[in-house]
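Next come the chains, spelled out residue by residue.
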Amino acid sequence: PPCPSLCMDVYCPPLRMVLFPILLQCFWMADSHSVPVRRSSSIVSRAKVGNAPRIMRSMGNERARDAVTWIPQSSVQSQDCEAVASVVRAAGSKFGEAFGSEDEILARQFLFDRKGDVQDASEKLKRAVEWRRDFGPAPIPMEIYRDEEINSAKCFLHESFDKEGRPVVVVNVRNHVIGEYPQSSSQALCVATIENALQKMEDPNGQLAVIFNLNGFSLRNADFKFAKFLVQALYKYYPQRLGAAYFIDAPILFQGPWRIVKPWLRRYASLVSFVRAGDVSKLFAEPAHAPKLS
């Protein structure tokens, strides 16, 4: 019988493995001819682009031309008290419990994200609270995601902070295989890990860093559905919480998926750095504090 999908049909592995690289290459060629490259004299990437392999060089140069937006936490804390109180009143009582946080902390974060616009911040916060209450209680009960998925070490909170004082989430991308676990389980594990990182922060208005270990990446790990969920979660429900994303040892095969995912990130794409595994230790105050990546 004919395959119902020519793009990502997990039920037709032979056809997928033949067509998927071709489609990705088409996306890459279309994107490279249609999207202008922004240029800047500011070099901010931690990756040594000049000495990197071709794939890291090409993507690292894009990263180097983008300015990283480091958020001064004093800016979050200095939001007008009356504006914060207005957002709290609009969002309703004890809405922070949905995220396992305090009302005022969430109100300040969303108000800062909306550049001080009380109405926009209130509406976005109410939508986020509704989503979080529907998603499940805080903290996320462990029975919602599967034990074997936790034990796969695909995603975990690292024990040490990076040199910027941020908690670090490590994602071993090769351990995430399309269709191996239900999306609901993977999403619950994702939300639980993000919120555990937020709880670990010394500054309640702080940010987190994510290390994506791409060593061993293959097309079976290119889960666009889950990637879109993660991007939407960071934008809609945990705004201004991502401080940095480090892509480690990106292979040439990752170039196609990256060309697809990058536009989804919008301004968050400027927070991405492509880094060699040997340079991960430089992200920490003490090299011994870096995670062991294989």
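To be clear, the structure that these remarks concern was listed above.
Here's what I pulled together on the structure shown here. (Residues numbered from 1 in each chain as written. Predicted model: local features only at pLDDT ≥ 70, side-chain atom pairs only at ≥ 80, totals over all residues. Heavy atoms only, no water.)

1. Describing the state of the cysteines
Counting across every chain of the model gives zero disulfides. Unpaired in terms of disulfides, cysteine 190 finds its nearest cysteine sulfur in cysteine 155, a separation of 6.3 Å. Under the relative-accessibility criterion, cysteine 190 is labelled buried at 8%. (Disulfide = S-S within 2.5 Å. Buried < 20%, exposed > 50% of the residue type's maximum accessible area, 1.4 Å probe, protein only.)

2. A look at empty space enclosed by the protein
If you roll a probe as big as a water molecule over the atoms, it shows you where there is empty space left. Summed over all chains, the structure comprises two cavities of 30 Å³ or more. Put simply, the largest cavity is a space of about 730 Å³. As for the largest cavity, its lining consists of 36 residues, of which Val171, Phe212, Phe226, Ala227 and Leu230 are closest to the centre. Those elements that place two or more of their residues in the lining of the largest cavity are β2 (167-172), α8 (183-200), β3 (208-213), α9 (224-237), β4 (242-248) and α10 (255-265). Sort the elements by how many residues they give to the lining of the largest cavity and α9 lands first, with six residues. Across the lining of the largest cavity, the residue classes break down as 29 nonpolar, four polar and three charged. (1 Å grid on protein atoms, 1.4 Å probe; cavity = no way out; pocket = protein on both sides within 12 Å on 5 of 7 lines; lining within 4 Å. Points joined across faces, edges and corners; volume = space filled by probe spheres on them. Helix = DSSP H or I, 4+ residues; strand = E, 2+ residues; numbered from the N terminus. Nonpolar A, V, L, I, M, F, W, Y, C, P; charged D, E, K, R; others polar.)

3. Focus: the layout of surface pockets
There is about 260 Å³ of room inside the second largest pocket. For the second largest pocket, the lining is made up of 17 residues, of which Ser101, Ile105, Leu198, Gln199 and Arg241 are closest to its centre. For the lining of the second largest pocket, the secondary-structure elements that each account for two or more residues are α5 (103-113) and α8. When residues of the lining of the second largest pocket are assigned to their parent elements, the largest contribution, four residues, is made by α5. Partitioning the lining of the second largest pocket into residue classes produces ten nonpolar, four polar and three charged.

Bear in mind that shape data such as this cannot, by itself, settle questions of function.
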